[in-house]
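# Coordinate analysis (summary)
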Amino acid sequence: MSKDLARKDAFAARKAAHAADDGAATRALTAALEPFAGKVLAGYWPIRTEPDPRPAMVAHGGPLCLPVVVAEAQPLVFHRWTPETEMIAGAFGAHIPAEGEEITPEVLIVPLLAFDAQGYRLGYGGGFYDRTLEGLRARGPVTAIGFAFAAQEVLEVPTEPTDQPLDMIVTEAGILHL
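Report on the accompanying structure. (Residues numbered from 1 in each chain as written. Predicted model: local features only at pLDDT ≥ 70, side-chain atom pairs only at ≥ 80, totals over all residues. Heavy atoms only, no water.)

## Considerations on the overall build of the protein chain
Let me state the cut-off plainly: The way it works is that DSSP assigns letters per residue, a run of H or I at least four long becomes a helix, a run of E at least two long becomes a strand, and they are numbered from the N terminus. Taken over C-alpha atoms, the radius of gyration is set against a globule rule of 2.2 Å times the number of residues to the power 0.38. A 1.4 Å probe rolled over the protein chains alone gives each residue an accessible area, and that area as a share of the maximum for its type sets the label: buried under 20%, exposed over 50%, partly exposed in between. It only takes one pair of heavy atoms within 4.5 Å for two residues to be counted as in contact. Surface accessibility in these figures is a Shrake-Rupley result with a 1.4 Å probe; residues are shielded only by whichever protein chains are displayed. The charged-residue count follows a simple rule in which Lys and Arg add positive charge and Asp and Glu add negative charge, with His and chain termini not counted at all. A single reference atom marks each charge: NZ on Lys, CZ on Arg, CG on Asp, CD on Glu.
Helices and strands together make up the secondary structure of the protein chain, namely four helices and 11 strands. Over its C-alpha atoms the protein chain spans a radius of gyration of 15 Å, differing by no more than 12% from the 16 Å that the globule rule assigns to 178 residues. If one aligns the C-alpha atoms of the protein chain with their principal axes, the spans along those axes are about 40 × 35 × 30 Å. Buried residues in the protein chain amount to 48% of all 178 residues. Within the protein chain, contacts between residues at least 6 apart in sequence are counted, and of these 64% link residues at least 24 apart. Total accessible area on the protein chain stands at roughly 8,700 Å², and carbon and sulfur atoms take up 54% of it. Put simply, the protein chain has 14 plus and 23 minus side-chain charges, and the middle of one group is 2 Å from the middle of the other.

Now the structure itself:
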C-alpha cells in the first residue's frame, strides 16, 4: 500500500476514534510519562483529530517544549513551553511559542496517523520527525513515544530507509514497549 493511500485510511480511523475519545488516551500517556519525570519533554500542539498530549505534559514535572518547523526538509527545533506561554500560529496549523528559548528534548511525544507493532509510524509526509529523531539519536539517548488511539494501529506501516522507529506507543488501550 502506498503512503498516500495509507494516510487516507488512517485519517478516517483517527477521526472516528477521536469522536469517541473519553480522555483514556491522555490518562495512559500521563502514566507512561511518570518514569521520565524531570527530563526535558517535547510534546506537540494538537491539530485536526490528534489526541491532545497537553494535560499529560502539564502533569509531567519537568521542562516542556514544543516543536517548531524552521524550514522544509529540515529537522525540528524545540522551544520551551508552559501553559502560560504566548502562542502564535505556526506551520501546518499548529501553534508554537511566540518567543522561544531553544532546548533539546530527551523524551518526545510524537503525533502520528498510523502505527504498527514494529514501532513505525505514518506521519503527514514531511519527514520532520524522522530527521529530528535521527539527529537527536546521533547525539545521545532519546525516547520517542508515539501517542495515538488504538484504532490507528495497522498491520504494517509502509516504510522507507529514512523512517525512524518509535520506542513506545501509548493509546487508550495501554502501552506498547518496543
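## Thoughts on the nonpolar core
Soluble globular proteins: nonpolar side chains tend toward being buried together. To be explicit about the condition: Only buried Ala, Val, Leu, Ile, Met, Phe, Trp, Tyr and Cys residues count toward a nonpolar core, and they belong to the same one when joined by side-chain atoms within 4.5 Å.
Core analysis: the biggest nonpolar cluster contains 42 residues, and Leu 29, Leu 33, Leu 108, Ile 109, Ile 145 and Val 170 have the highest contact counts within it. Looking at this core, the elements that each hand over two or more residues are α2 (24-33), β1 (41-42), α3 (54-58), β2 (64-68), β6 (107-110), α4 (128-139), β9 (143-147) and β10 (168-171). The element best represented in this core is α2, accounting for five residues. Ignoring anything within four residues of it in the chain, the contact list for Leu 29 reads Pro 53, Ala 56, Ile 109, Ile 145, Phe 147 and Val 170. Core analysis: the second largest hydrophobic core is formed by six residues, Ala 6, Ala 10, Ala 114 and Val 157 among them.

## Remarks on the pattern of salt bridges
In plain terms, the rule: By convention in these notes, a salt bridge is any Lys or Arg side-chain nitrogen within 4 Å of a carboxyl oxygen on Asp or Glu.
For the structure shown, the criterion picks out six salt bridges. Arg 27 serves as the salt-bridge partner of Asp 22, at 3.8 Å between the closest nitrogen and oxygen. A residue is classified by how much of its surface remains accessible, and Asp 22, at 57% relative accessible area, is exposed. Among the ionic pairs, Arg 54 bridges to Asp 52, the shortest N-O distance being 2.8 Å.

## Quick look at the sheet that holds β10
Worth spelling out the cut-off: The pairing criterion for strands is at least two bridges between them, as found by DSSP. Working convention: axes come from line fits to C-alpha atoms, limited for helices to the stretch in contact. Angles between N-to-C directions cover 0 to 180 degrees.
Ordered by their spatial adjacency, seven strands build an open sheet running β3-β2-β1-β6-β9-β10-β11, and the pairing between neighbours is mixed. In this open sheet, the two strands that pair with only one neighbour each are β3 (77-80) and β11 (174-177). Relative to β6, β1 runs parallel, the two sharing two bridges. Bridge pairing links Ala 42 to Leu 108 in β6. Of the strands in this sheet, β1, β6, β9, β10 and β11 are in contact with α2, which crosses β10 at around 145 degrees. Along the sheet, α4 makes contact with β2, β3, β6 and β9, crossing β6 at roughly 165 degrees.

## Some thoughts on the side chain of Thr 143
Take Thr 143: it is sitting in strand β9. Non-local contacts of Thr 143, meaning those with residues more than four positions away in its chain, are made with Phe 36, Glu 106, Val 107, Leu 108 and Asp 167.

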